[in-house]
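Summary of the model geometry
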Amino acid sequence: MVEIELDGKKVQVLEGSMIMHAAENAGTYVPHFCYHKKLSIAANCRMCLVDVEKAPKPMPACATPVTQGMIVRTKSEKAIKAQQGVMEFLLINHPLDCPICDQGGECQLQDLAVGYGGSSSRYTEEKRVVFHKNIGPLVSMEEMSRCIHCTRCVRFGQEIAGVMELGMTSRGEHAEIQTFVGRSVDSELSGNMIDICPVGALTSKPFRYSARTWELSRRKTVSPHDSTGANLIAQVKNNRVMRVVPLENEDVNECWIADRDRFSYEALNSDQRLTQPMVKQGGLWKEVNWTAALEYVANGLKQIKTQHGAASIGAIASAHSTVEELHLLAALVRGLGSENIDFRTHAADFSNAAPAGKAQWLGRSVASLSQLDRVLVIGSFLRKDHPLFAQRLRQAARHGAKIHSVHATEDDWLMNVAQRVTVAPSAWVQALADIATAIAQSNGATAPAAGTATEQAQAIAASLLSGQRKAVLLGNAAAQHPQAASLLALANWIAAQTGATVGYLSAAANTVGAQLVKALPGQGGLNAGHMLSAASPLKAALLLNVDPQFDTANTAAALQGVAKADMVVMFSAFKTGFEQADVLLPIAPFTETSGSFVNAEGRVQSFVGVVKPQGETRPAWKVLRVLGTMLGLPNFDFETSEQVRSAALGVDMDMSARLDNTTQAAISVGAAASGIERIADVPIYSTDALVRHATSLQLTADARNAAVAGLPTALWTSLGLQDGDKVAVTQDGASVQLPARHDAALPANTVRVPAGLAATAALGAMFGELSIAKV
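Remember, predicted model here, so these are calculated numbers, not experimental data.

1. As for the UniProt feature "domain: 4Fe-4S His(Cys)3-ligated-type" (unreviewed entry) in the chain
- Look at the UniProt record and you will see "domain: 4Fe-4S His(Cys)3-ligated-type" (unreviewed entry) annotated at residues 78-117.
- The span residues 78-117 is 60% helix and 0% strand, and its two end C-alpha atoms sit 16 Å from each other.

2. Here we look at the nonpolar core
- In terms of nonpolar packing, the biggest core is built from 74 residues, with F33, M47, F156, L166, L202 and V241 touching the most fellow members.
- Considering each element in turn, this core owes the most residues, five residues, to helix α4 (residues 152-161).
- Look past the residues within four positions of M47 in its chain and what remains in contact with it is P31, H32, F33, Q83, V86, M87, L90, L112 and Y116.
- Ranked by size, the runner-up nonpolar core spans 56 residues in total, among them L328, F343, I587 and L659.

3. Thoughts on the packing of aromatic side chains
- A full pass over the atoms with the stated rule returns three aromatic pairs.
- Centre to centre, the rings of W428 and F767 are 6.2 Å apart; their planes meet at 85°, and the pair counts as edge-to-face. One end of the pair, W428, is in helix α11 (residues 428-443); the other, F767, is in the loop between β31 (750-752) and β32 (768-774), with 339 residues separating them in the sequence.
- The lysine or arginine in question, R420, covers the ring of W413, its NZ or CZ lying 5.2 Å from the ring centre.

4. Comments concerning the environment of L516
- If you trace the backbone, L516 turns up in helix α15 (residues 511-516).
- Sequence separation between L516 and A491 is 25 residues; the distance between their C-alpha atoms is 22 Å.
- Residues contacting L516, with those up to four places away along its chain left out, are A359, V598, A648, L649, M655 and R658.

5. Section: the UniProt feature "domain: 4Fe-4S Mo/W bis-MGD-type" (unreviewed entry) in the chain
- Mapped onto the present numbering, the UniProt feature "domain: 4Fe-4S Mo/W bis-MGD-type" (unreviewed entry) falls on residues 216-272.
- Secondary structure content for residues 216-272 is 9% helix and 35% strand, while the C-alpha to C-alpha distance between its ends is 25 Å.

6. Notes on the sheet that holds strand β19 (residues 417-422)
- Taken in spatial order, the five strands make up an open sheet running β19-β18-β17-β20-β21, and their pairing is parallel. The sheet is open, and its two borders are formed by β19 and β21 (501-504), each paired with just one other strand. Pairwise comparison of adjacent strand axes, ignoring direction, gives a mean angle of 15° for this sheet.
- In this sheet, strand β18 (residues 402-407) lies alongside strand β17 (residues 374-378) in parallel orientation, the contact comprising five bridges.

7. Describing unusual backbone geometry
- One non-glycine residue, K518, lies in the positive phi region at around 60°.
- Take K518: it is sitting in the loop between α15 and α16 (528-531).
- What makes K518 partly exposed here is its relative accessible area of 45%.
- For N545, which is not glycine, the phi torsion reads 60° and is therefore positive.
- Structurally, the position occupied by N545 is in the loop between β22 (540-544) and α17 (555-563).

8. Describing the side chain of Q103
- For Q103, the location among the structural elements is in the loop between α2 (77-92) and α3 (108-116).
- Separated by 3.3 Å, the side chain of Q103 and the backbone oxygen of C197 make a polar contact.
- Q103 has contacts with C197, P198, V199 and G200, leaving out every residue within four places of it along the chain.

9. So, the packing of α11 against helix α14 (residues 484-498)
- Interaxial distance between α11 and α14 falls to 10 Å at its minimum, and their mutual angle equals 20°. Compared by their axis directions, α11 and α14 come out roughly parallel. Crossing handedness for the pair α11 and α14: left-handed. For the pair α11 and α14, contact is made by W428, V429, L432, A433, I435, A436, I439, A440 and N443 and by S486, L487, L490, A491, W493, I494, Q497 and T498, respectively.

10. Quick word on the sheet that holds strand β1 (residues 2-6)
- Strand order in the open sheet formed by five strands is β2-β1-β5-β3-β4, and the pairing between neighbours is mixed. Looking at the sheet topology across the chains shown, the edges are occupied by β2 (9-13) and β4 (59-60).
- Of the strands in this sheet, β1, β2, β3 (49-52) and β5 (71-73) touch helix α1 (residues 19-26), which is tilted by about 115° from β2.

11. Focus on the domain arrangement of the chain
- Along its sequence, the chain is organised into domain 1 (1-41 + 49-75), domain 2 (295-349 + 518-650), domain 3 (366-504) and domain 4 (676-774).
- One C-alpha centre belongs to domain 3, the other to domain 4, and the line joining them spans 25 Å.
- Contact residues are listed per partner, giving 19 residues for domain 3 and 16 residues for domain 4.
- Taken together, the two surfaces of domain 3 and domain 4 that pack against each other cover about 1300 Å², and 65% of this comes from carbon and sulfur.
- Counting the surface domain 3 buries against domain 4, the share from its top three residues, F381, K384 and P425, is 36%.
- Summed over the shared surface of domain 3 and domain 4, the number is two salt bridges.
- A salt bridge links D411 to R752, with the shortest nitrogen-to-oxygen separation between them at 2.6 Å.
- Linking domain 3 to domain 4 there are three residue pairs in polar contact (both at pLDDT 80 or more).
- The class makeup of the residues in the side of domain 3 that touches domain 4 is nine nonpolar, six polar and four charged.

12. Side note on the pairing of strand β20 (residues 470-474)
- Burial analysis of β20 places five of its five residues in the buried class, the great majority of the element.
- On β20, burial covers both faces: K470, V472 and L474 on one face and A471 and L473 on the other are all buried.
- Two elements, β17 and β20, share five bridges in a ladder whose sense is parallel. Paired with V375 across the bridge in β20 is A471.
- Of the pairings in the sheet, the one linking β20 to β21 comprises four bridges and is parallel in character. Of the residues in β21, the one forming a bridge with A471 is T501.

13. Notes on the environment of S210
- Its location among the elements puts S210 in the loop between β9 (203-204) and β10 (217-222).
- As a C-alpha pair, S210 and D102 span 108 residues in sequence and 8.9 Å in three-dimensional space.
- If sequence neighbours within four positions are ignored, S210 has contacts with K237 and M242.
- A polar atom in the side chain of S210 sits 2.4 Å from the backbone oxygen of F207.

14. Looking at the environment of C48
- Note that C48 resides in the loop between α1 and β3.
- Separated by 35 residues in the primary sequence, C48 and Q83 place their C-alpha atoms 6.9 Å from one another.
- Every residue in contact with C48, bar those within four places of it in the chain, is listed here: M20, V30, P31, H32, M59, P60, A61 and C62.

15. Examining a nonpolar patch on the surface
- On the surface, M164, F180 and V181 cluster together into a nonpolar patch covering about 310 Å² of accessible area.
- Turning to its location among the elements, F180 is positioned in the loop between β8 (176-179) and α5 (192-196).

16. Structural notes on the packing of helix α7 (residues 290-308) against helix α18 (residues 620-630)
- At a minimum axis separation of 10 Å, α7 and α18 run at an interaxial angle of 55°. In terms of axis orientation, α7 runs oblique to α18. Considering the relative orientation of α7 and α18, their crossing is right-handed. Facing W290, L294, E295, V297, A298 and K302 of α7, the residues of α18 in contact are V623, V626, L627 and M630.
- A per-class count over the contact of α7 with α18 returns eight nonpolar, no polar and two charged.

17. A few points about the pattern of salt bridges
- What the rule picks out here adds up to 31 salt bridges.
- Here R243 and E106 are joined by a salt bridge, their closest N and O atoms 3.0 Å apart. Of the two residues, R243 is situated in strand β12 (residues 240-246) and E106 in the loop between α2 and α3; the sequence distance between them amounts to 137 residues.
- Connected via shared salt-bridge partners are K38, E250, E254 and R392.

Definitions and limits used
- Residues numbered from 1 in each chain as written.
- Predicted model: local features only at pLDDT ≥ 70, side-chain atom pairs only at ≥ 80, totals over all residues.
- Heavy atoms only, no water.
- UniProt positions renumbered as here; feature names shortened; annotations may be inferred.
- Helix = DSSP H or I, 4+ residues; strand = E, 2+ residues; numbered from the N terminus.
- Core = buried A, V, L, I, M, F, W, Y, C linked by side-chain atoms within 4.5 Å.
- Buried < 20%, exposed > 50% of the residue type's maximum accessible area, 1.4 Å probe, protein only.
- Contact = heavy atoms within 4.5 Å.
- Phe/Tyr/Trp six-rings, centres within 6.5 Å; stacked < 30°, edge-to-face > 60°.
- Lys NZ or Arg CZ within 6 Å of the ring centre and 35° of its normal.
- Pairing = 2+ DSSP bridges.
- Axes fitted to C-alpha atoms, helices over the stretch in contact; angles between N-to-C directions.
- Polar contact = N/O pair within 3.5 Å; in protein donor to acceptor, adjacent residues only side chain to side chain.
- Parallel < 35°, antiparallel > 145°, perpendicular 65-115°, else oblique.
- Left-handed = near helix turned anticlockwise from the far one by under 90°.
- Domains from an automatic or database assignment.
- Buried area = accessible area lost by both parts, 1.4 Å probe.
- Salt bridge = Lys/Arg side-chain N within 4 Å of Asp/Glu carboxyl O.
- Nonpolar A, V, L, I, M, F, W, Y, C, P; charged D, E, K, R; others polar.
- Patch = residues over 30% accessible without salt bridge, like charges linked within 9 Å, V, L, I, M, F, W, Y side chains within 5 Å.
- Areas by Shrake-Rupley, 256 points an atom, 1.4 Å probe, with all protein chains shown as cover.

Here it is, written out as structure tokens:
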């Protein structure tokens, strides 16, 4: 530690710290623009100049290291005069358009100009003008004349997002921030540039000119998308969510959020919102009141139970639903005498489950991902599936961590990946067996399955056997794999031998919570695969936040299975599923209800509604409570969502004793498939109903270019394909036409065809064989 004197007070800081860090520790504010605690130091705005005793001139607080006994004055005449001089230069070219600037009211330049700016300008020449640039549907660069060249956005791209999408050209007053050769900004974290811009140069395109900051109420909530559980602030005006920004939480999302967390609010005000209960009568939809709708459902369930037995009733839920909703849905189904409930709509191997009463999880804290030394990631489209987890691993890689991957693709994770084992999905188990064999050879253990210590396997084994903080992480594709249990068993063995933790990145906001509340089939119950199949025996299907066309592993089979039911009840916030449903019940999205999510690390995060429900929309937990009461089921007399949460999780919110990634599954390597295999991702803006209905997200490059078939080099050449050609993809007797894209990194017998899209909904399972022909 080093002790300095700051404005007459003694302050201790770590050796190597800057004066700015000392000031932060002491609670002293030093004006600044380019400095940001999460970014590297640029020292180019010079607003943080301070008076350091014995220094010949004012020094930038952000870039001046502390020394023992240093005396610093931040409010002396010398410091204030220097700061005022910098502010005068910053305002020379800045337009006087605060009244129409979207940043007005929350602008650092505006605030500091009050304290350090003059009442008039000595500059009489014309101000410079920077022409606007279109960089995509999310971030606006239409007022770049306001830019003060702090370069925060440039450094964010390089250091946090991992891709330098913005840069500075020219020098002096001709300097401009712009994209390379007119490209758009396509990072899944791009919206954070809006937050860190200290002026109104980068603003939110969807929010632009829709409200002033002082008109907005600020209310805390939690992201309903991926398993990070990002903390959010929803900004509300006239009972309408106008903007979403991050709520800082170092243990979860730091000060960042993904673009789908930020911009999915557009769906809340979509004209596709379902706001009135509807019942299909004679093939036509009719709006009804809640009493009529729930009586229809209750009577239908009673009748089906009487005629076909309780086992003919089943419920399929999305893990984007809250703890309270899933608990009550499970209680309702079990109260009727059925064990048919499941949330694993994308799974293929249902033997892969945590021990009874427990849940599979990340295996460590979210925050610790940033400090890892060695990581093996299995079956994950990491960057798009988990943008904030990828960001944390990116920070670890920047500090020397060795990242390794076993997958069928080589997507650019925007970080240095030390080793990639790229094989077809059917060979993933063998690839892990090879790594296990290499580890066994190194430490004298007995390998759990027959494998070959290939050169790549040996390199990964040697890496995992070194280092201190290590993790084996299974991604969405590993959890959805037909041999998911074998993958987990091998991952556990590798982790045990190398001193690593093992865990699932987890697909949805409440994947862990769904397991904890037992939204899983009990003894004799049907899993989601059986219920969502062409041979489904269900006569009554309850679908909570699930659209069979987009949210299932085998869309074609799911649609056939749901169509066979006598009554299909969809609990949804949107007008989707008309073709399959008999009853549509409008339930509230996360902003209009209270509830809880359990994120990947087992953290329970509760939230309340930030706006009133639209129209006749009701919170799903209330709908299920009333439905349970109408059916005469016990233990449905809850008054608040907190009471439901306590019944579901207990009073103690510490879930650590209930998290368990162990497995007793036998390892089955199996033979690699002989035909062309499908590897399917769910594109980032197709994962749930909110992002599918968010207009601006659907205009991004990720969404526009999602429906594409990726072909390996050998297959591309054999079919004689060229850029712009289309291919016919056939699976399980159904065929779709998709644009073809050459992907040289794919294994020779693997084709990448995404799921969760209307363009590919006719196809079969996410993992399976298919055929390809040129159109």
